[in-house]
Amino acid sequence: MKSLICGSLAFDTIMSFQSRFSEALLADQLHKINVCFFVPEMRREFGGCAGNIAYNLKLLGGDPLIMATIGQDGADYRDRLQKLQISQQCIKTIETSYTAQAFITTDTDSNQITAFHPGAMTFAHENTVADAGPVAVAIIAPDGRDGMLQHAQQCADLNVPFIFDPGQGLPMFNGDELKQFIELATYVAVNDYEAELLTERTGLSLAQIAERVSALVVTRGEQGAEIFTNNERLAIPCVKVDKVVDPTGCGDAFRAGMLFGLTNNLDWPTTGRLASLMGSIKITHQGPQNHVLSRAEIDERFHQAFGYRL
């Protein structure tokens, strides 16, 4: 069965700042910032949460179905998806807009500052979940505001279990809207910063959120992840890497592991470990979609990391 991935397709312009943001910003002058970050390295990548998740899910042998909007400049992205044999059935071209664009600057501590132009993503609500046909599970990843609200409700109306993954789109919603997402969702996935913001805006603790869904997943970078399910807290270890190259897209790789586990009836400890592995594979490569591994290689790395096989 297919995994429906509702989210953005974007072009990422990724730049490297060869120092720390904290050394360039004065704590007592943050109210009047006028800073130039010198970035000697720059590249343009295929990105967007939906594209990144689908790419990683395809590596695992999953069947991703992207639901997204792309702009008048999206021909190169469509060509790439065709080569990857990822369905474009639910990708709509918006001829009056450019494809969403992210401009990401990363410092030496892997902190990131991002400027984002939504472009065609603003029209995400023009896609309809029913048009996807039968799917096993869906994910509502960062996308146009109206699209996220609409697709969550449509998944619930169609009894499609879905992961609510607000990501960097979380600030677009108020507390009541976030509570509604949680009530509709089957699973919630956030990083540690998003978890704090989610609890602050909704007034719900992590325990209270976990009571409302089948599983709450909180990623914590090098400290691994936590999965709250069935009144349990599962600690998921981080897979150590020799060198951190680029964190862009690691969260999306993690979510692809979640989707694969859910569609293949893996238990949560295994699903979490697979997700953690996918994030660790991504972080050792530049860009969100440049790591190339076979399913057999991923299985072997899983065995090396955790001592058992998928």
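Because the structure is a prediction, the values reported are computed rather than measured.

Draft legend 1. Region of interest: the pattern of salt bridges. Applying the stated criterion across every chain yields a total of 13 salt bridges. For Glu 177, the salt bridge identified is with Arg 145, shortest N-O distance 2.4 Å. Separated by 32 residues along the polypeptide, Glu 177 in helix H5 (residues 175-184) and Arg 145 in helix H4 (residues 145-157) bring together distant segments of the chain. Residue Arg 145 is classed as partly exposed on the basis of its relative accessible area of 30%.

Draft legend 2. How the structure looks around the sheet that holds strand S6 (residues 100-106). Sheet architecture is open: four strands sit in the order S3-S2-S6-S7, paired in mixed fashion. At either end of the open sheet lies a strand with only one pairing partner, and these are strand S3 (41-47) and strand S7 (112-117). Geometrically, the sheet is characterised by an average inter-axis angle of 20° between neighbouring strands, direction not taken into account. In this structure, strand S2 (residues 10-16) lies alongside S3, joined through seven bridges in antiparallel fashion. Each residue of the ladder has a partner; that of Ala 10, found in S3, is Gly 47. Contacting S2 and S3, helix H3 (residues 75-84) runs over the sheet at an angle of about 65° to S3.

Draft legend 3. Highlighting the environment of Pro 269. Among the structural elements, Pro 269 can be located in helix H9 (residues 268-283). Looking at Pro 269, the relative accessible area reads 31%, which means it is partly exposed. Ignoring anything within four residues of it in the chain, the contact list for Pro 269 reads Leu 234, Ile 236 and Tyr 308.

Draft legend 4. Representation of the packing of aromatic side chains. All chains considered together, the criterion is met by 11 aromatic pairs. Ring geometry for Phe 11 versus Phe 46: centroids 6.0 Å apart, planes at 50°, classification tilted. Of this pair, Phe 11 sits in strand S2 while Phe 46 is found in strand S3, placing the two residues 35 residues apart along the sequence. Residue Phe 11 is classed as buried on the basis of its relative accessible area, which comes to 3%. Using a relative accessible area of 23% as the deciding quantity, one classes Phe 46 as partly exposed. An aromatic cluster is built from Phe 11, Phe 46 and Tyr 77, whose rings are joined through pairwise contacts. Its end group placed over the ring of Phe 11, Arg 44 keeps NZ or CZ at 4.1 Å from the ring centre.

Draft legend 5. Inspection of the pairing of strand S1 (residues 3-6) at higher detail. Burial of S1 is two-sided: the residues Ser 3 and Ile 5 facing one way and the residues Leu 4 and Cys 6 facing the other way are all buried. Pairing of S1 with strand S4 (residues 64-71), which is carried by four bridges, proceeds in the parallel orientation. Paired with Ser 3 across the strands is Pro 64, a residue of S4. Here S1 pairs with strand S8 (residues 137-140) via four bridges, running parallel. Across the sheet, residue Ile 5 finds its bridge partner in S8, namely Ile 139.

Draft legend 6. Up close: the nonpolar core. Of all hydrophobic cores here, the largest spans 48 residues; its most connected members are Ile 66, Trp 268 and Ile 298. Dropping the residues within four chain positions of it, Trp 268 is found in contact with Tyr 187, Ala 215, Val 217, Ile 227, Thr 229, Leu 234, Ile 236, Met 258 and Leu 262. By size, the runner-up hydrophobic cluster in this structure holds 34 residues, among which are Ala 138, Cys 155, Phe 173 and Val 218.

Draft legend 7. Quick peek at the pairing of S2. Counting buried positions over the seven residues of S2 gives seven, a clear majority of the element. Judged from the seven bridges that link them, S2 and S6 form a sheet pairing that is parallel. From the neighbouring strand, Thr 13 faces S6, where its bridge partner is Phe 103.

Draft legend 8. Layout of the environment of Lys 179. Turning to its location among the elements, Lys 179 is positioned in helix H5. Apart from the residues within four sequence positions on either side, Lys 179 is in contact with Thr 202 and Leu 204.

Draft legend 9. Summary view of the side chain of Gln 289. Along the polypeptide, Gln 289 turns up in the loop between H9 and helix H10 (295-306). Of the polar contacts made by the side chain of Gln 289, one reaches the backbone oxygen of Phe 46; its length is 3.4 Å. For Gln 289, the side chain forms a polar contact with the side chain of Tyr 77, separated by 3.0 Å.

Calculation rules
- Residues numbered from 1 in each chain as written.
- Predicted model: local features only at pLDDT ≥ 70, side-chain atom pairs only at ≥ 80, totals over all residues.
- Heavy atoms only, no water.
- Salt bridge = Lys/Arg side-chain N within 4 Å of Asp/Glu carboxyl O.
- Helix = DSSP H or I, 4+ residues; strand = E, 2+ residues; numbered from the N terminus.
- Buried < 20%, exposed > 50% of the residue type's maximum accessible area, 1.4 Å probe, protein only.
- Pairing = 2+ DSSP bridges.
- Axes fitted to C-alpha atoms, helices over the stretch in contact; angles between N-to-C directions.
- Contact = heavy atoms within 4.5 Å.
- Phe/Tyr/Trp six-rings, centres within 6.5 Å; stacked < 30°, edge-to-face > 60°.
- Lys NZ or Arg CZ within 6 Å of the ring centre and 35° of its normal.
- Core = buried A, V, L, I, M, F, W, Y, C linked by side-chain atoms within 4.5 Å.
- Polar contact = N/O pair within 3.5 Å; in protein donor to acceptor, adjacent residues only side chain to side chain.

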